[in-house]
Amino acid sequence: MAIFTSLANLPDSKFYDDILRRFWMQPNQVVFLVIAYGASTSVQSLLNVRAGQFVRPVVLAAIIALQLMRNFPRRNMYNNMIVHRFALDQLSALPPHSIALCSGDLNYFPVLYLRSCERRRQDVLLLNTAMMKGEWFQAQQEFLSTPVVLPGRRYAPEVPHCDEHVYNLRCFLEANL
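A. Up close: the layout of surface pockets. In this structure, the largest pocket encloses a volume near 240 Å³. Contributing to the lining of the largest pocket are 16 residues, with Tyr108, Leu112, Leu126, Gln141 and Leu144 lying nearest its centre. Where the lining of the largest pocket is concerned, the elements lending two or more residues are helix 6 (105-116), strand 2 (125-128) and helix 8 (137-144). Its residues assigned to classes, the lining of the largest pocket comprises 8 nonpolar, 6 polar and 2 charged. Quantified by volume, the second largest pocket comes out at close to 190 Å³. Lining the second largest pocket are Ile35, Ala36, Ala39, Ser40, Val43, Arg56, Leu60, Ile63 and Gln67. Mapped by element, the contributors of at least two residues to the lining of the second largest pocket are helix 3 (26-46) and helix 4 (49-75). In terms of residues, the lining of the second largest pocket owes the most to one element, helix 3, which gives 5 residues.

Here it is, written out as structure tokens:
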């Protein structure tokens, strides 16, 4: 994992290592290649060359089918509505015409899906605090004509005072309440 972290040019911290483990499957690809090579070599040594040309694909297809039959019922999330209900609970708890500040993927994207695709709670303004930190965010909100006041160009929760360049949560709330 350290090799892939260094190639990603990210700071060396447990936080980024956990993110890479969650989203990057490249280290597993190396393991899968080694397993495939070992399986191919084993099958080839057990069977002669002529029989192996026919039997090898059949054996590999049977292994894949066995894995699917064994694991698919446990992994099938077709009817899993936990995140959908979570997002509905978040939206239903908000008063009419409120501003929802979301931090993180799990809070933001399911609610965004409900608003954009299912057209639920169109009265709620949804803002992502991670995106608010971008220099482009203020121009985007002006382009979209959102009824929110951004007291500076960029959201910076770590700053103690606000000015025309940066603002913190206190200044944002004072401008919008």
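B. Expanded view of unusual backbone geometry. In the Ramachandran plot, His97 falls in the positive-phi region, its phi being about 55° despite a non-glycine side chain. By the secondary structure assignment, His97 is in the loop between helix 5 (82-92) and strand 1 (99-102).

C. Broad picture of the state of the cysteines. In this structure the tally under the stated criterion is 1 disulfide. The side chain of Cys162 participates in a disulfide bridge whose partner is Cys171; the two sulfur atoms lie 1.8 Å from each other. Residues Cys162 and Cys171 are joined by a disulfide whose S-S torsion is about 100°; by sign, that bridge is right-handed. The class for Cys162 is partly exposed, based on a relative accessible area of 27%.

D. Layout of the packing of helix 5 against helix 6. Close contact between helix 5 and helix 6 brings their axes to 9 Å; oriented N to C, the two are set at 80°. Classed by the angle they form, the pair helix 5 and helix 6 counts as roughly perpendicular. Taken together, the residues of helix 6 that come into contact with helix 5 (itself represented by Val83, His84, Phe86, Ala87, Leu88, Gln90 and Leu91) are Leu106, Asn107, Pro110, Val111, Leu114 and Arg115. Residues belonging to the contact of helix 5 with helix 6 are distributed by class as follows: 9 nonpolar, 3 polar and 1 charged.

E. Region of interest: the nonpolar core. Ranked by size, the top nonpolar core spans 10 residues in total: Leu125, Leu127, Met132, Phe137, Val148, Leu150, Tyr155, Tyr167, Cys171 and Phe172. Counting residues per element, the ones that place at least two in this core are strand 2 and helix 9 (169-176). With residues up to four places along the chain from it excluded, the contact list for Val148 reads Ile99, Leu125, Leu127, Phe172 and Asn176. Of all hydrophobic cores here, the second largest spans 9 residues; its members include Ala100, Tyr108, Val124 and Leu126.

F. Looking closely at the pairing of strand 2. Burial of the side chains of strand 2 extends over both faces: Leu125 and Leu127 are buried on one face and Leu126 and Asn128 on the other. Here strand 1 runs beside strand 2; their pairing, made up of 4 bridges, is parallel. Residue pairing for strand 2: Ala100 is matched across the bridge by Leu126. For the segment spanning strand 1, helix 6 and strand 2, crossover handedness is right-handed.

G. Structural context of the pattern of salt bridges. Applying the stated criterion across every chain yields a total of 4 salt bridges. Here Arg170 and Glu174 are joined by a salt bridge, their closest N and O atoms 3.5 Å apart. With Arg170 and Glu174 both in helix 9, this residue pair falls 4 residues apart, about one helical turn. Judged by its relative accessible area of 42%, Arg170 falls in the partly exposed class. By relative accessible area, which is 54% here, Glu174 ends up exposed.

Cut-offs applied
- Residues numbered from 1 in each chain as written.
- Predicted model: local features only at pLDDT ≥ 70, side-chain atom pairs only at ≥ 80, totals over all residues.
- Heavy atoms only, no water.
- 1 Å grid on protein atoms, 1.4 Å probe; cavity = no way out; pocket = protein on both sides within 12 Å on 5 of 7 lines; lining within 4 Å.
- Points joined across faces, edges and corners; volume = space filled by probe spheres on them.
- Helix = DSSP H or I, 4+ residues; strand = E, 2+ residues; numbered from the N terminus.
- Nonpolar A, V, L, I, M, F, W, Y, C, P; charged D, E, K, R; others polar.
- Disulfide = S-S within 2.5 Å.
- Buried < 20%, exposed > 50% of the residue type's maximum accessible area, 1.4 Å probe, protein only.
- Axes fitted to C-alpha atoms, helices over the stretch in contact; angles between N-to-C directions.
- Parallel < 35°, antiparallel > 145°, perpendicular 65-115°, else oblique.
- Contact = heavy atoms within 4.5 Å.
- Core = buried A, V, L, I, M, F, W, Y, C linked by side-chain atoms within 4.5 Å.
- Pairing = 2+ DSSP bridges.
- Right-handed = clockwise from strand over helix to strand, strands pointing away.
- Salt bridge = Lys/Arg side-chain N within 4 Å of Asp/Glu carboxyl O.

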